[in-house]
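Okay, here's what each chain looks like letter by letter:
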Amino acid sequence: MADLSLIIRPEAPEDAPAIERLHERTFGPGRYALTAYRLRERNGHRLNLSFTARVGTLLIGSVWMTPVVIGAAKALLLGPLTVEPPFRGRGVAGALIERALASARDNGHHLVLLVGDEPYYGRHEFKRIPKGRARLPGPVDPARLLVRELAENAFDGVSGAVRPDWDA
Ligand SMILES: CC(C)(COP(=O)(O)OP(=O)(O)OC[C@H]1O[C@@H](n2cnc3c(N)ncnc32)[C@H](O)[C@@H]1OP(=O)(O)O)[C@@H](O)C(=O)NCCC(=O)NCCS
């Protein structure tokens, strides 16, 4: 990112309309049918754990983090992650992910879950969840259900239904 001065910072309430437009352009109305959306829709993402990327005043990327549980274990659901097309391929998403993971760890979280492409998220140490160990409230391709441990062996012994974390 030497040629852009990228600003990554926690999401603020006034970012909502720009992020909504970014999601609409990227995922379209079909996004509401995605299983991951069901986990987010009633117990929303946390602004202090979610981040925006800006160049100057222009919002060019966003990542959301939403508290969930996997069985009895607390976790964060990462996503959506989006970067404006002209700014892709320059490490913006990577910077958003690493900032969100560091912030999650600093706030005492040990597990981050997502539904996404393993070839991409594998770069950030996400690993495929063994089939059947985490059940989402709708259909998900098991090859796309990934977890990142923020503490050693944090996923050992964790299994069960993934639900919103109402206590978070
Ligand atoms: C996926 C996305 C967030 C990546 O943003 P970005 O800022 O370009 O990402 P980075 O610069 O950190 O990484 C880019 C690299 O990842 C690769 N990459 C991007 N998407 C990939 C995917 N789905 N699978 C494998 N590799 C991928 C790029 O080819 C590029 O590779 P290179 O470094 O070898 O050139 C962006 O393309 C996007 O918004 N896509 C649409 C929304 C989406 O699919 N979001 C993820 C699911 S929620």
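Residues numbered from 1 in each chain as written. Predicted model: local features only at pLDDT ≥ 70, side-chain atom pairs only at ≥ 80, totals over all residues. Heavy atoms only, no water.

Asker: Tell me what's going on with the packing of aromatic side chains, and back it up with residues and numbers.
Answerer: We describe a pair of aromatic rings using the distance from one ring centre to the other and the angle between the two ring planes. According to the stated counting rule, one finds three aromatic pairs in the structure shown. Judged by centre distance (5.9 Å) and plane angle (70 degrees), the ring pair of Tyr 32 and Tyr 37 falls under edge-to-face. Centroid distance Tyr 121 to Phe 126: 5.7 Å. Interplanar angle 75 degrees. Geometry classified as edge-to-face. Both residues of the pair, Tyr 121 and Phe 126, count as buried. (Phe/Tyr/Trp six-rings, centres within 6.5 Å; stacked < 30°, edge-to-face > 60°. Buried < 20%, exposed > 50% of the residue type's maximum accessible area, 1.4 Å probe, protein only.)

Asker: Pulling in residues and values, what's your account of the site of the ligand?
Answerer: In the neighbourhood of the ligand, 17 residues make up the surrounding shell, with Leu 81, Gly 89, Gly 91, Gly 94 and Asp 117 lying closest. Between the ligand and Val 83 there is a distance of 3.0 Å, counted from an oxygen atom to a backbone nitrogen or oxygen. For the ligand, an oxygen atom lies 3.3 Å from a polar atom in the side chain of Arg 88. For the ligand, the accessible surface in isolation is 920 Å², of which the surrounding protein chains cover 63%. Every element with two or more residues in the shell around the ligand is listed here: α1 (16-27), β4 (73-83), α3 (92-106) and α4 (118-121). A per-class count over the shell around the ligand returns eight nonpolar, five polar and four charged. (Near = heavy atom within 4 Å. Polar contact = N/O pair within 3.5 Å; in protein donor to acceptor, adjacent residues only side chain to side chain. Areas by Shrake-Rupley, 256 points an atom, 1.4 Å probe, with all protein chains shown as cover. Helix = DSSP H or I, 4+ residues; strand = E, 2+ residues; numbered from the N terminus. Nonpolar A, V, L, I, M, F, W, Y, C, P; charged D, E, K, R; others polar.)

Asker: Let's hear about α3: which residues, and what values?
Answerer: Three or four residues apart is the spacing at which side chains of an α-helix point the same way, because the helix has 3.6 residues per turn. The end-to-end C-alpha distance of α3 is 21 Å, a good match for the 21 Å that 15 residues give at a rise of 1.5 Å each. Taken as a whole, α3 has its buried residues at Val 92, Ala 93, Gly 94, Leu 96, Ile 97, Ala 100, Leu 101, Ser 103 and Ala 104. (Expected span 1.5 Å × (residues − 1).)

Asker: So what's going on with the nonpolar core? Residues and values would help.
Answerer: The biggest cluster of nonpolar side chains holds 25 residues, and the ones touching the most others in it are Met 65, Leu 78, Leu 81, Leu 96, Val 112, Tyr 121 and Phe 126. Going through the elements one at a time, β2 (51-55), β3 (58-70), β4, α3 and β5 (111-115) are the ones with two or more residues in this core. The greatest single-element share of this core, amounting to seven residues, is contributed by α3. Residue contacts for Tyr 121: discarding those within four places in its chain leaves Leu 78, Leu 81, Ile 97, Leu 114, Gly 116, Phe 126 and Leu 146. (Core = buried A, V, L, I, M, F, W, Y, C linked by side-chain atoms within 4.5 Å. Contact = heavy atoms within 4.5 Å.)

Asker: Before we move on, could you go through the pairing of β3 and cite the residues and values that matter?
Answerer: In terms of burial, β3 is a largely internal element, twelve of the 13 residues being buried. Across five bridges, the pairing between β2 and β3 is antiparallel. Note that in β3 the partner of Thr 52 across the bridge is Ser 62. Connecting β2 to the antiparallel partner β3 that follows it, the hairpin turn spans two residues, and Gly 56 within it adopts a positive phi of roughly 60 degrees. Bridge analysis of β3 against β4 gives nine bridges, and the strand direction is antiparallel. Its bridge partner lying in β4, Val 68 is registered against Ala 75. With antiparallel pairing between neighbouring strands as the criterion, β3 and β4 make up a hairpin whose turn holds two residues, including Gly 71 at a positive phi of roughly 60 degrees. The sheet contact formed by β3 and strand β9 (residues 160-164) spans three bridges and is antiparallel. (Pairing = 2+ DSSP bridges.)

Asker: An account of the pattern of salt bridges is requested, with residue identities and associated values reported.
Answerer: Taken as a whole and judged by the stated rule, the model has seven salt bridges. Among the salt bridges present, the one from Arg 31 reaches Glu 24, with a minimum N-O distance of 2.6 Å. Classification of Arg 31 by relative accessible area gives buried; the value is 1%. Two residues, Glu 118 and Arg 128, come together in a salt bridge whose shortest N-O distance is 2.9 Å. Pair noted here: Glu 118 is in helix α4 and Arg 128 is in strand β6 (residues 127-128), with a separation of ten residues, a long-range link. We classify Glu 118 as partly exposed; its relative accessible area is 27%. Residue Arg 128 is classed as partly exposed on the basis of its relative accessible area of 47%. If you follow the salt bridges from partner to partner, you end up with Glu 20, Glu 24 and Arg 31 in one network. (Salt bridge = Lys/Arg side-chain N within 4 Å of Asp/Glu carboxyl O.)

The analysis is restricted to geometry; functional conclusions fall outside its scope.
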